[in-house]
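Close look at the chain arrangement
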Amino acid sequence: MSELRALTGARGLAAWAVVFYHIRGALAWAPPAAIAVLTKGYLAVDFFFLLSGFVIWLSWHVRLREAGVAAFLHKRVARIWPLHLVMLAAAVLLALLLAATGRPDPAFPLAELPLHLLLLQNWGFTTALRWNDPAWSISCELAAYLLFPLLIAAVDWRRLPTMALVATAAAILLLLHAIMAGQPGLGAAIPRFGLARCLTEFATGTIIAALYLRRPPLWPCLAVGVACLLARALGAAETVTIPATFAALLLALALTSDRPGNPLATRAIHYLGEISYATYLSHFLLWKVFKLAAVRDATAVPPLLITAYLLLVLAASVALYHLVERPAQRWVNAWRWPRRTAARA
């Protein structure tokens, strides 16, 4: 599958939405309207889950039967685990430093470290986000990867009529809404609901990919998105309106990705998408260290220091992408698994 550059660019912007979400409490000088927008930055993770399902299905719905499940999981582990391991090691070093200086941090519980090492921390084994908080979603992504071969074996979305696909996607998102009934929003109780949030949205993303291959007209996507946003403005629950909005947006972005002049496909925005995984995994620990080293009042960090932190995140993202993420991915991918023969396939 050739890359849809606008989707990569959108992933980069979504990663930075999460960055600003985590530092919003330090922006007491910002206008209330801006803070209100930043407070919803956690919703970018829902877009990530949908996008992940979309990309994985497009890339593997045929290739999985040829390459085998082991090869699929091998490549997914190569993609997510090495950088996670590096950032977890950085968290361990930080925890040891704080403990050695008499400032132990309860965010670094040693007993939970094995779960984080194996990316199992958000499978219902813990009650709070710990160590490197954003990695909870990577833990859930691993569960989605493990279940993806079962989805491919159970159903071929290409064989279902379009309306059946739409109805199935709607049913899956309504299931998420039912699971989270009574919760104030999608970001509530992540250790309890994060896995369901990921699996349902990832599955919906695979259906959106199948719809994309049929090249539907753009206007229904826009109509659904606008209708869901209006419903949200009128008080409908975030747990049903926002995933549906993002699903419609994802399909619209995919359909328009190759259009000339698409701002999400420009070189700079596309590069932010390429390094977005490093941005996502590094920014939280960098913010913790930055506050310890340079911040006196964590509720009103001066704009100049905020700018310095953002530049630090960007520089760290570039370095981690080129020096850790990509080399480690190539190294792990170089490990060879026995390929299935055509007869066995």
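Think of each chain on its own: its residues are numbered from 1, step by step along the sequence as written. Reporting of local features is limited, given that this is a predicted model, to residues whose pLDDT is at least 70; pairs of side-chain atoms are given and counted only at 80 or more, and all residues count toward the totals for whole chains, interfaces and linings. As a convention, hydrogens and water are excluded, and side-chain values are obtained from all of the structure's heavy atoms.

Broken down by element type, the protein carries 14 helices and 0 strands. Along the protein, helices and strands appear, N-terminal first, in the series α-α-α-α-α-α-α-α-α-α-α-α-α-α. For 345 residues, the compact-globule formula gives about 20 Å, and the C-alpha radius of gyration of the protein, at 20 Å, lands near that figure. For the protein, the spread of C-alpha atoms along the principal axes amounts to about 60 × 55 × 40 Å. A fraction of 78% describes how many contacts in the protein between residues 6 or more apart in sequence connect residues 24 or more apart. Counting from the N terminus, the helices are the DSSP runs of H or I reaching at least four residues and the strands are the DSSP runs of E reaching at least two. This radius of gyration counts C-alpha atoms alone. The globule rule is 2.2 Å times how many residues there are, raised to the power 0.38. By the convention used here, residues are in contact when the closest approach between their heavy atoms is within 4.5 Å.

What follows is about helix H12 (residues 267–274). In an α-helix, one full turn covers 3.6 residues, which means residues spaced three or four apart are oriented alike. Along H12, the positions that sit buried rather than exposed are His270, Leu272 and Gly273. What you see down the axis of H12 is that its buried residues fit within an arc of 155°, all on one side. Among the exposed residues of H12, those oriented more than 90 degrees off its buried face are Arg267 and Ala268. Buried residues along H12 sit in contact with helix H1 (5–23), helix H13 (276–294) and helix H14 (303–333). Relative accessible area decides the class of each residue, using a 1.4 Å probe on protein chains only: under 20% of the type maximum gives buried, over 50% gives exposed, and in between gives partly exposed. Think of the arc as the fan of directions from the helix axis to the C-beta atoms.

As a further point, take the packing of aromatic side chains. Aromatic pairing here means that ring centres of Phe, Tyr or Trp (its six-membered ring) are within 6.5 Å. Orientation follows from the plane angle: under 30 degrees is stacked, over 60 is edge-to-face, and everything else is tilted. Applying the stated criterion across every chain, the model contains 15 aromatic pairs. Ring plane angle 75° and centroid distance 5.5 Å describe the contact between Phe48 and Tyr280, whose orientation is recorded as edge-to-face. Of the two residues, Phe48 sits in helix H3 (residues 44–60) while Tyr280 sits in helix H13, which places them 232 residues apart along the sequence. Phe48 sits in the buried class, given a relative accessible area of 14%. We classify Tyr280 as buried; its relative accessible area is 5%. Taking the centre distance of 6.1 Å and the plane angle of 15° together, the rings of Trp287 and Phe290 count as stacked. With Trp287 and Phe290 both in helix H13, this residue pair falls 3 residues apart, about one helical turn. As far as burial versus exposure is concerned, Trp287 and Phe290 are alike and both buried. Here the basic side chain of Arg24 rests over the ring of Tyr21, its NZ or CZ set 4.0 Å away from the ring centre. The criterion for a charge sitting over a ring is simple: Lys NZ or Arg CZ within 6 Å of the ring centre, and within 35 degrees of the ring normal.

Here, a salt bridge means any side-chain nitrogen of Lys or Arg that lies within 4 Å of a carboxyl oxygen of Asp or Glu. Inspection of the entire model under this criterion finds 7 salt bridges. Between Arg158 and Asp156 there is a salt bridge, with the nearest N and O atoms lying 2.7 Å from each other. Residue class for Asp156 comes out buried when judged on its relative accessible area of 16%. Note that Asp156 and Arg159 form a salt bridge whose closest N and O atoms lie 3.7 Å from each other. Taking relative accessible area as the criterion, Arg159 reaches 71% and is therefore assigned exposed. Each of the salt bridges in this network shares a partner with another, and the network as a whole consists of Lys40, Arg232 and Glu238.

For soluble globular proteins, nonpolar side chains are generally found buried alongside one another. If you look at the biggest cluster of nonpolar residues, it comprises 81 residues, and the most contacted ones within it are Phe54 and Phe148. Broken down by element, the residue count for this core peaks at 12 residues, all from H3. With sequence-adjacent residues up to four places away left out, Phe54 is seen in contact with Leu4, Leu7, Gly205, Thr206, Ile208, Ala209, Tyr212, Leu250 and Ala254. With 20 residues, the next largest nonpolar core counts Val19, Ile23, Ala26 and Leu272 among its residues. Definition of nonpolar core: a set of buried residues of the types Ala, Val, Leu, Ile, Met, Phe, Trp, Tyr and Cys, connected through side-chain atoms within 4.5 Å.

So, on to unusual backbone geometry. Most of the time, phi is negative for any residue but glycine, and the peptide bond is trans. For Ala189, which is not glycine, the phi torsion reads 45° and is therefore positive. By the secondary structure assignment, Ala189 is in the loop between helix H8 (162–179) and helix H9 (190–213). Given the relative accessible area of 38%, Ala189 is considered partly exposed. One non-glycine residue, Arg215, lies in positive phi territory at about 50°. Mapped onto the fold, Arg215 is located in the loop between H9 and helix H10 (218–233).

Side chains of Val77, Trp81, Leu117 and Leu118 sit close together on the surface and give an oily, nonpolar patch of about 330 Å² of accessible area. Following the sequence through the fold, Val77 ends up in helix H5 (residues 69–100). A patch consists of residues exposed above 30% relative accessible area that lack any salt bridge, with like charges linked at up to 9 Å and nonpolar side chains (Val, Leu, Ile, Met, Phe, Trp, Tyr) linked at up to 5 Å. The Shrake-Rupley method, run with a 1.4 Å probe sphere, supplies the accessible areas, and residue values consider only the shown protein chains as cover.

Right, let's get into the environment of Trp57. Note that Trp57 resides in helix H3. Sequence separation between Trp57 and Ile208 is 151 residues, and the spatial gap between their C-alpha atoms is 9.4 Å. If we skip the residues at most four places from it in the chain, Trp57 touches Phe148, Ile152, Trp157, Arg158, Thr206, Ala209, Ala210 and Leu213.

Right, let's get into the confidence of the model for the protein. Confidence of the predictor at the level of single residues is captured by pLDDT, which takes values from 0 to 100. Looking at the protein as a whole, the pLDDT averages 91, with 97% of positions reaching at least 70. A low-confidence stretch, residues 340–345 stays under pLDDT 50, and its non-local contacts, those more than four residues away or across chains, total 6 contacts.

Relative to the helices and strands, Lys288 is located in helix H13. Excluding residues that lie within four positions of it along the chain, Lys288 makes contacts with Leu94, Asp105, Ala107 and Phe108.

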